[in-house]
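What follows is each chain in one-letter form.
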Amino acid sequence: MNTNIDLNQLVGCVGDAIIVVDAHEKIVMWNPAATRIFGYSEAEALGNTLDLIVPERQRHRHNEGCRKSMETGITRYGTSLLKVPALHQNGSMLSIAFTVGMLFDEHQKVNGIVAVIRDETERFAEERALKKRLLELENPQS
């Protein structure tokens, strides 16, 4: 089956954020879901680094990992679902889950990293409240 798929349309209609950084760690793709989740417009995000959405206390570790992946062409996370805090444009904290993949040019040199990101803030808060309630039920105060 030979179906022509418009990749721009695909990236635009997906409910998860799709963010791509180039070999210089600059954002080169920011889909509408990324705007919805993080608050920055595409114009505001393009050309910036992921410091826009990485909380300050995680930046050093994130940047080191990103640099190492760019140098080696390997992400130590493979296809694992990562769960980390993130920063919204308004300064509020988010809980996100994402996968990351390496992008290569025709010479198999790394030319970018893609992250597909889902906002898990509400689900995480619900889970935390349920765990707290379960603890309260298991350990009633006399």
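Rules used in this analysis
- Residues numbered from 1 in each chain as written.
- Predicted model: local features only at pLDDT ≥ 70, side-chain atom pairs only at ≥ 80, totals over all residues.
- Heavy atoms only, no water.
- Core = buried A, V, L, I, M, F, W, Y, C linked by side-chain atoms within 4.5 Å.
- Buried < 20%, exposed > 50% of the residue type's maximum accessible area, 1.4 Å probe, protein only.
- Helix = DSSP H or I, 4+ residues; strand = E, 2+ residues; numbered from the N terminus.
- Contact = heavy atoms within 4.5 Å.
- Salt bridge = Lys/Arg side-chain N within 4 Å of Asp/Glu carboxyl O.
- Pairing = 2+ DSSP bridges.

(A) Up close: the nonpolar core. Core analysis: the largest hydrophobic core is formed by 27 residues, its most contacted members being Ile19, Ile27, Trp30, Phe38, Ile53 and Ile117. Sorting the residues of this core by element identifies β1 (17-22), β2 (27-30), α2 (32-38), α4 (56-72), β3 (82-87), β4 (93-104) and β5 (110-119) as the ones contributing at least two each. When residues of this core are assigned to their parent elements, the largest contribution, five residues, is made by β4. Aside from chain neighbours lying at most four places away, what touches tryptophan 30 is Ile18, Ile19, Thr35, Phe38, Tyr40, Ser41, Glu42, Ala45, Leu46 and Ile53.

(B) How the structure looks around the pattern of salt bridges. Considering all chains together, one arrives at seven salt bridges under this definition. Notably, a salt bridge pairs glutamate 25 with arginine 67, separated by 4.0 Å at the nearest N-O pair. Linking glutamate 25 in the loop between β1 and β2 with arginine 67 in helix α4, this pair joins segments that are 42 residues apart in sequence. Under the relative-accessibility criterion, glutamate 25 is labelled buried at 16%.

(C) Structural context of the side chain of asparagine 63. With respect to the helices and strands, asparagine 63 occurs in helix α4. Asparagine 63 sits in the buried class, given a relative accessible area of 17%. With residues near it in sequence (within four places) discarded, asparagine 63 still touches Glu25 and Asp51.

(D) A look at the pairing of β2. Note: β1 against β2, three bridges, orientation antiparallel. By the bridge assignment, isoleucine 19 is partnered in β2 with tryptophan 30. Two successive antiparallel strands, β1 and β2, enclose a turn made up of four residues, where glutamate 25 displays a positive phi of approximately 65 degrees.

(E) Spatial organisation of the environment of isoleucine 74. Looking at the secondary structure, you find isoleucine 74 in the loop between α4 and β3. When the C-alpha positions of isoleucine 74 and glycine 101 are compared, they lie 8.6 Å apart, and in sequence the two are 27 residues distant. Those residues within four positions of isoleucine 74 in sequence are excluded, and the remaining contacts are Ser69 and Met102.

(F) How the structure looks around the pairing of β4. Here β3 pairs with β4 via six bridges, running antiparallel. Bridging across to β4, leucine 87 finds its partner in methionine 93. Here β3 folds back onto β4, and the loop between the two strands holds five residues, one of which, glycine 91, carries a positive phi near 95 degrees. When β4 meets β5, the two strands line up antiparallel, connected through nine bridges. Counterpart to isoleucine 96 in the pairing with β5 is aspartate 119.

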